Each structure stands twice: as structure tokens, then as C-alpha cells.
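So you can see what is in the structure, the chains are spelled out below.
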Amino acid sequence: KFIDFKIIPLKTENEEVFGYLLIFNDITAQVELEKELKEISQSEKSNRKMIVITDINGDIKFVNKIFKQITGYETNEIIGKNMFELNKHLLDHKEEIEKIITTGKIFEGKIQNNSKNGDFYFEKITILPLKDKNGVISYLLKIAEKITEQKQFIYNVKSAVEDGEESKSEILPV
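Before going into details, it helps to say that this report is about the structure given with it. Note that this is a predicted model, so its numbers are computed, not measured.

### Comments concerning the overall build of the protein
Along the backbone of the protein there are 7 helices and 7 strands. N-terminal to C-terminal, the α/β element order of the protein is β-β-α-β-β-α-α-α-α-α-β-β-β-α. Buried residues in the protein amount to 27% of all 174 residues. With an accessible surface of roughly 12,400 Å², the protein has 53% of that area assigned to carbon and sulfur atoms.

### Overview of a positive patch on the surface
The grouping of Lys110, Lys124, Lys151 and Lys158 at the surface amounts to a positive patch. Structurally, Lys110 can be placed in strand S5 (residues 107-114). Since its relative accessible area comes to 59%, Lys110 is described here as exposed.

### Topic: the layout of surface pockets
Taken as a whole, the largest pocket spans an internal volume of roughly 270 Å³. Forming the boundary of the largest pocket are 13 residues, of which Ala29, Glu32, Lys131, Asp132 and Lys133 lie nearest the centre. For the lining of the largest pocket, the secondary-structure elements that each account for two or more residues are helix H1 (28-43), strand S6 (120-131) and strand S7 (137-146). Residue contributions to the lining of the largest pocket peak at 5 residues, all from H1. Taken together, the residues of the lining of the largest pocket break down into 4 nonpolar, 3 polar and 6 charged.

### Thoughts on a nonpolar patch on the surface
Nonpolar side chains collect at one region of the surface, where Ile3, Phe5, Ile7, Val17, Tyr20, Leu22 and Phe24 lie side by side and expose about 750 Å² of accessible area between them. Counting residues per element, the ones that place at least two in the nonpolar patch are strand S1 (3-11) and strand S2 (17-26). For the nonpolar patch, the leading source of residues is S2, giving 4 residues. Relative to the helices and strands, Phe24 resides in strand S2. The class for Phe24 is exposed, based on a relative accessible area of 56%.

### Brief notes about unusual backbone geometry
A positive phi angle is found at Glu15, which is not glycine, with a value near 70°. Of note, Glu15 is situated in the loop between S1 and S2.

### Some points on the packing of aromatic side chains
Across all of its chains, the model carries 2 aromatic pairs by this definition. On the basis of an interplanar angle of 35° and a centroid distance of 6.1 Å, the ring pair of Phe5 and Phe24 is categorised as tilted. With Phe5 in strand S1 and Phe24 in strand S2, the pair connects residues that are 19 residues apart, well separated along the chain. Both rings, one in Phe120 and one in Phe122, keep their centres 5.6 Å apart while their planes meet at 85°; by these two values the pair is edge-to-face. For Phe120, a relative accessible area of 48% translates into the label partly exposed.

Thresholds applied
Residues numbered from 1 in each chain as written. Predicted model: local features only at pLDDT ≥ 70, side-chain atom pairs only at ≥ 80, totals over all residues. Heavy atoms only, no water. Helix = DSSP H or I, 4+ residues; strand = E, 2+ residues; numbered from the N terminus. Buried < 20%, exposed > 50% of the residue type's maximum accessible area, 1.4 Å probe, protein only. Areas by Shrake-Rupley, 256 points an atom, 1.4 Å probe, with all protein chains shown as cover. Patch = residues over 30% accessible without salt bridge, like charges linked within 9 Å, V, L, I, M, F, W, Y side chains within 5 Å. Salt bridge = Lys/Arg side-chain N within 4 Å of Asp/Glu carboxyl O. Lys, Arg positive; Asp, Glu negative; His and termini not counted. Charge placed at Lys NZ, Arg CZ, Asp CG, Glu CD. 1 Å grid on protein atoms, 1.4 Å probe; cavity = no way out; pocket = protein on both sides within 12 Å on 5 of 7 lines; lining within 4 Å. Points joined across faces, edges and corners; volume = space filled by probe spheres on them. Nonpolar A, V, L, I, M, F, W, Y, C, P; charged D, E, K, R; others polar. Phe/Tyr/Trp six-rings, centres within 6.5 Å; stacked < 30°, edge-to-face > 60°.

Listed below in C-alpha cells is the structure:
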């Protein structure tokens, strides 16, 4: 167990200490989460996935380096912000996400997002609940992969195919 504690001196009106108030707080879950975050952060160095950890309400507690590179946000700008409020498209799916996650299941989808400078990009997201040792959902883990280039490629191929079909229809038989 990990315990955080504070010692607060109790004083009289004359500022004389007559005792102490000890406040203990079990931070075991927080320490374990930080350890897991460090492991995730180190293991993801070889891939290009954005990792965001929020509390159950969606308030951001952790982002990895890839998230910062793609979005343009610095850690101090994003910690404490709500991931649903930062992204209108994610906010549109909030009820659906909450419904799925509260049952302990995983949400997967593709959405549009915006970087800090306003540029949009598409991402494939997976949001899963993280449970504490008692089985209570206490955090959400969002893993996202930028797929803008893939979507652009698919669009270009579809456009080329459609253009090709139009060309065929213009060819007259001899």
C-alpha cells in the first residue's frame, strides 16, 4: 500500500501548537496507474498511437508524446481538460460511448478531430474502461491512430474509379 499523509498543526488563538491533525490518503491505485502509464508510454515508443487516460468523466489525466506531436497540445495545456468537450465529433458520440463503457465493453470508431491549430485529421479510436482492484471503472483509456492519409488514399482511389467509369460511358461503339 502507498499512503500519502499531511500533518497539520493545531494552534490556539495565540498561535501555540497544542496538537496535530494527521490526514491519511490511500494512493495505491494512483501509484499503480502511474506505473502502468510509464510502462505504456515506454512500450508505445515504437508505434504511432496516441494514448489518453481520463477519469470516468473524461477529464484528461495523461497523454503520451505521440498525442502531443499530432495535436500540438503540450501536457500542461491538456491535463484537466475534458476529452469530450475538446472534440465536437467525440461529444456527438458521448452517450453511446458511456453506454458501452459502463457495461465494461470497448468502444471503437472512426472520428474527425482537430489539432490545436485548427487543422482537422481523422482518427481510429478505441476507448476502454480501466477498473480498479474492486472492479469499479475509474479511468478511461483512449488509444487513437491517425488515419487521415488512409482516408485520403481511399477517397482518391474511389474518385479515380468513378472518373474511369465516366470515361467509359463517353466511349461510343464503332
